[in-house]
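Letter by letter, the chains look like this.
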Amino acid sequence: ATIGIAVIDVQTGRVLCAIDASKPLIPASNVKLITTGTALLLLGPKFQFTTEIYGSGKRNEDGVLPGDLVVVAGGDPAISGRHHGGKTTAVLDDLAAQVARKVRLVSGNLVIDDTIFDREYVHPSWPQDQLVRWYCAPVSAFALNDNCVDVSVTPGERAGDPARVKLDPPTGYFTVNNRCTTIASGQGRAIIHRLPRADTLVISGRLAVGGPGAASPVAVNDPARYAATVLRERLAN
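This one's a predicted model, so the numbers in the text were calculated from it and none came from an experiment. (Residues numbered from 1 in each chain as written. Predicted model: local features only at pLDDT ≥ 70, side-chain atom pairs only at ≥ 80, totals over all residues. Heavy atoms only, no water.)

**Student:** Would you take a moment to explain the packing of aromatic side chains for this structure?
**Tutor:** The geometry of an aromatic ring pair comes down to the distance between the two centres and the angle between the two planes. Evaluation of the coordinates by the stated rule reveals 5 aromatic pairs. Ring geometry for F174 versus Y226: centroids 5.4 Å apart, planes at 55 degrees, classification tilted. Of the two residues, F174 is situated in the loop between β9 (164–168) and β10 (175–178) and Y226 in helix α3 (residues 223–236); the sequence distance between them amounts to 52 residues. Accessibility assignment for this pair places F174 and Y226 in one class, buried. One aromatic cluster in this structure is built from Y173, F174 and Y226. (Phe/Tyr/Trp six-rings, centres within 6.5 Å; stacked < 30°, edge-to-face > 60°. Helix = DSSP H or I, 4+ residues; strand = E, 2+ residues; numbered from the N terminus. Buried < 20%, exposed > 50% of the residue type's maximum accessible area, 1.4 Å probe, protein only.)

Structure follows, in structure tokens:
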């Protein structure tokens, strides 16, 4: 690792320690402290992120919207199950229920306006071979489950069966290539991966009958389309 250190007395300005203090370096995870402090300073502790839904046409008496349903994303980082008992779709379920109270059918499209952020989802200096990892998840204005899908793999009932793959949130958005098989006994291992620049999940390896499975969050490739697809599925439900 390469590090730089600067320790300064904030009252006197005296430098107490300096090791490569002026060397330009890419910030590590500790930059989140500065980001959070800046957000608190500029937005205040009572700031709330909002996600708004509009109809582009006038709803008729039968609840038909003759236009688009438009979601205006506000950068909310908490559209997840973190504050909802672990239910990943809780926030989207609530949004869908609010829409369903007024709208029965949408004749147009589901449109996502995520322009409050830019489209540089992934920083170019991030390690390209780690972009499927949760800590390299893309940054977007409409973000579901930290822009990750939680993948769990368990063995089948008998040797030769394909392993069972479960996604959270449950969605048909991903293409799942399940190559993981079940063996009668012995040590097993399941490998969970995503193809580069695609939302195709590849599950390989083998698991023993009755043995432990595997689970891992996987960062998505197209966060806005992922969140929009799950929202559309919740609206359809």
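**Student:** Where do I start with the nonpolar core in this structure?
**Tutor:** Within soluble globular proteins, side chains that are nonpolar tend to cluster in buried spots. Formed by 29 residues in total, the largest nonpolar core has its most connected members in L92, F142, V149, V151, V153, F174 and Y226. Elements with a contribution of two residues or more to this core: α2 (90–100), β8 (148–154), β12 (189–194), β13 (200–208) and α3. When residues in this core are grouped by element, the largest group, 4 residues, is from α3. (Core = buried A, V, L, I, M, F, W, Y, C linked by side-chain atoms within 4.5 Å.)

**Student:** Please clarify how the pattern of salt bridges should be interpreted in this entry.
**Tutor:** Pairing is possible between side chains of opposite charge, provided their charged atoms come close. In this structure the tally under the stated criterion is 7 salt bridges. A salt bridge links D93 to K87, with the nearest nitrogen and oxygen atoms 3.2 Å apart. Residue R158 is joined to E157 by a salt bridge in which the shortest nitrogen-to-oxygen separation is 3.8 Å. Looking at E157, the relative accessible area reads 57%, which means it is exposed. One connected set of salt bridges, linked through shared partners, spans K87, D93 and R234. (Salt bridge = Lys/Arg side-chain N within 4 Å of Asp/Glu carboxyl O.)

**Student:** Help me understand unusual backbone geometry in this model?
**Tutor:** Residues other than glycine predominantly adopt negative phi, and peptide bonds predominantly adopt the trans conformation. Omega for the peptide link from D168 to P169 comes to 5 degrees, which places this bond in the cis form. Residue position: P169 is located in the loop between β9 and β10. Of note, the phi angle at D20 is positive, near 50 degrees, even though the residue is not glycine. With respect to the secondary-structure elements, D20 resides in the loop between β2 (15–19) and α1 (31–43). For D20, a relative accessible area of 46% corresponds to the partly exposed category. Although it is not a glycine, N147 sits at a positive phi angle of roughly 55 degrees. With respect to the element layout, N147 can be found in the loop between β7 (110–113) and β8.

None of the figures reported here should be taken as evidence of function without further support.
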